[in-house]
Amino acid sequence: MAALLLRANTWVSVDSLQDAIWPEGPPRSVRNNLKTYVHQARQLLAAAGDRARVESRQGWYRINVDTAELDAAVFERAVHDGKKAFTAGAPTRAVDTLHAGLAAW
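Residues numbered from 1 in each chain as written. Predicted model: local features only at pLDDT ≥ 70, side-chain atom pairs only at ≥ 80, totals over all residues. Heavy atoms only, no water.

Caption draft 1: Representation of the pairing of strand S3 (residues 60-63) in the model. With two bridges connecting them, strand S1 (residues 12-13) and S3 associate as antiparallel partners. Bridging from a neighbouring strand, Ser-13 pairs with Trp-60 of S3. Counted between consecutive antiparallel strands, the loop separating strand S2 (residues 54-57) from S3 contains two residues, among which Gly-59 sits at a positive phi close to 80 degrees. (Pairing = 2+ DSSP bridges. Helix = DSSP H or I, 4+ residues; strand = E, 2+ residues; numbered from the N terminus.)

Structural data, given as structure tokens:
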């Protein structure tokens, strides 16, 4: 999941996932392992009422998320907004925005 979330909303090749998950070299059953992991992820998401998050096509996977759901994206947005508030002469708002970003991180 982490390997897909790092490339959210983008098709990721099986080879890229393989390299991310097994940097020292994949097991012989790499394709079956990936299918099992994706199946388990889909089951967990389905149990939470969210079935269509993970998509697949021949040799590729993608997880669909809203950027507001990603801690890193929330953090980056808070940094951007905090800098903007500071530049606009609102240091208190800048500090509050940056603290909110840190809390998300």
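From this point, the narrative continues.
Caption draft 2: Representation of the pattern of salt bridges within the structure. Tallied over the full model, the rule gives four salt bridges. When the shortest N-O distance is used, the salt bridge between Glu-55 and Arg-62 registers 2.6 Å. With its nearest N and O atoms 3.4 Å apart, the salt bridge here joins Asp-81 to Arg-77. Of this pair, Asp-81 and Arg-77 both sit in helix H4 (residues 71-87), four residues apart, which is roughly one turn of the helix. (Salt bridge = Lys/Arg side-chain N within 4 Å of Asp/Glu carboxyl O.)

Caption draft 3: Spatial organisation of the environment of Asp-71. As for its position among the elements, Asp-71 is in helix H4. Measuring from C-alpha to C-alpha, the distance between Asp-71 and Val-12 comes to 20 Å, with 59 residues separating the pair along the chain. Among all residues touching Asp-71, those that are not within four sequence positions of it are Ala-104 and Trp-105. (Contact = heavy atoms within 4.5 Å.)

Caption draft 4: Representation of the packing of helix H2 (residues 14-21) against helix H3 (residues 30-47). Relative to each other, H2 and H3 sit at 90 degrees, their axes nearing to 11 Å. Relative to H3, the element H2 lies roughly perpendicular. Counting all contacts with H2, which are made through Val-14, Asp-15, Leu-17, Gln-18 and Ile-21, the residues of H3 involved are Val-30, Arg-31 and Leu-34. (Axes fitted to C-alpha atoms, helices over the stretch in contact; angles between N-to-C directions. Parallel < 35°, antiparallel > 145°, perpendicular 65-115°, else oblique.)

Caption draft 5: How the structure looks around the sheet that holds S1. Taken in spatial order, the three strands line up as S1-S3-S2 in an open sheet, and their pairing is antiparallel. With partners counted over all chains shown, the strands left at the sheet margins are S1 and S2, one partner each. Packing against the sheet, H3 makes contact with S2 and S3, and its axis sits at approximately 150 degrees to S2.

Caption draft 6: Main features of the nonpolar core. By size, the foremost hydrophobic cluster in this structure holds 16 residues, and its most contacted members are Leu-4, Leu-17, Leu-34, Val-54, Tyr-61, Ile-63 and Val-65. Taken together, the elements giving at least two residues each to this core come down to helix H1 (2-5), H2, H3 and S3. With four residues, the top contributor of residues to this core is H3. Among all residues touching Leu-34, those that are not within four sequence positions of it are Val-14, Leu-17, Ile-21, Trp-22 and Tyr-61. (Core = buried A, V, L, I, M, F, W, Y, C linked by side-chain atoms within 4.5 Å. Buried < 20%, exposed > 50% of the residue type's maximum accessible area, 1.4 Å probe, protein only.)

Caption draft 7: View of the pairing of S2. Pairing analysis gives four bridges linking S2 to S3, with the strands arranged antiparallel. By the bridge assignment, Glu-55 is partnered in S3 with Arg-62.

It is worth stressing that arrangement in space is one thing and function is another; only the former is reported here.
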